[in-house]
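A look at the structure
These are the residues of each chain, in order.
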Amino acid sequence: MRLDILTIFPEMFEGPFSLSMIKRAINKKIVEIHIHNIRDYTADKHKRVDDYAYGPGAGMVMMIQPIADLIDKLKSERDYDEIIFTTPDGDTFNQETANTLSLKENIIILCGHYKGVDQRLRDMYITKELSIGDYVLTGGELAAMVMSDAIIRVIPGVLSDETSALTDSFQSGLLSPPVYTRPPVYKGVAVPDILLSGNDKEIANWRLEQSLEKTRNLRPDLYEKLP
Ligand code: 6GU
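Residues numbered from 1 in each chain as written. Predicted model: local features only at pLDDT ≥ 70, side-chain atom pairs only at ≥ 80, totals over all residues. Heavy atoms only, no water.

**Examining the domain arrangement of the protein chain**
Domain parsing of the protein chain yields domain 1 (2-153) and domain 2 (167-223). Taking the mean C-alpha position of each, domain 1 and domain 2 sit 37 Å from one another. (Domains from an automatic or database assignment.)

**Quick look at the site of the ligand**
The full set of residues close to the ligand is Thr 86, Thr 87, Pro 88, Leu 130, Ser 131, Ile 132, Gly 133, Tyr 135, Val 136, Leu 137, Gly 139 and Ala 143. At 3.3 Å, a side-chain N or O of Ser 131 approaches a nitrogen atom of the ligand. Measuring from a nitrogen atom of the ligand, one finds a backbone N or O atom of Leu 137 at 3.0 Å. Contact with the protein chains removes 96% of the 290 Å² of surface that the ligand exposes when unbound. Going through the elements one at a time, strand S5 (82-92) and strand S7 (128-131) are the ones with two or more residues in the shell around the ligand. The greatest single-element share of the shell around the ligand, amounting to three residues, is contributed by S5. Tallied by class, residues from the shell around the ligand come to seven nonpolar, five polar and no charged. (Near = heavy atom within 4 Å. Polar contact = N/O pair within 3.5 Å; in protein donor to acceptor, adjacent residues only side chain to side chain. Areas by Shrake-Rupley, 256 points an atom, 1.4 Å probe, with all protein chains shown as cover. Helix = DSSP H or I, 4+ residues; strand = E, 2+ residues; numbered from the N terminus. Nonpolar A, V, L, I, M, F, W, Y, C, P; charged D, E, K, R; others polar.)

The following block contains the structure:
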């Protein structure tokens, strides 16, 4: 997969994408991430990428020109499956969105800012508008990182244990069961006996029961939807 991220804050991506699982995916050449600075494409002599909104009221709007030029350049180099715009008024990103997008070859993510981007850019270029929840962030960068992380980790080969993405909370519509590691007793609190029993079948049953119980208690909305 190739991910092209369009942002006015490219430095923000240096941390998350150079550590842990994402770094692994990049090193294994499962994913290629290209961060583009929108400001590099402005034709404005003062290097501006935003301007005052038409009409009364405060607020800056991202200009169409630099972003359109950048997207045109990328599109001339390859076909894109999706051109995503991060915005609090988009469809809510969830595990199903991550799974679907993980099957794509080339994706652009445009990080939104200020009061938004010129509507003509949304109309002419964007194929999908996504939000990560009902709250407002200062910019779309964190949302783009969240989405990229969720998308990349479900691509086969990214996780060391291939089955672990499939047993995640949400993949099955169930929350994950509790897990334990050494020591068997900590300050008088013991690991459930069943986990030390060596009986894999019984343990699998216990985990499913725990998942069901946890989902029913913590996420009755998910529990209702179980088949
Ligand atoms: Cl995608 N962008 C911004 N600015 N705020 C958000 C968001 C996106 N998703 C939730 N809040």
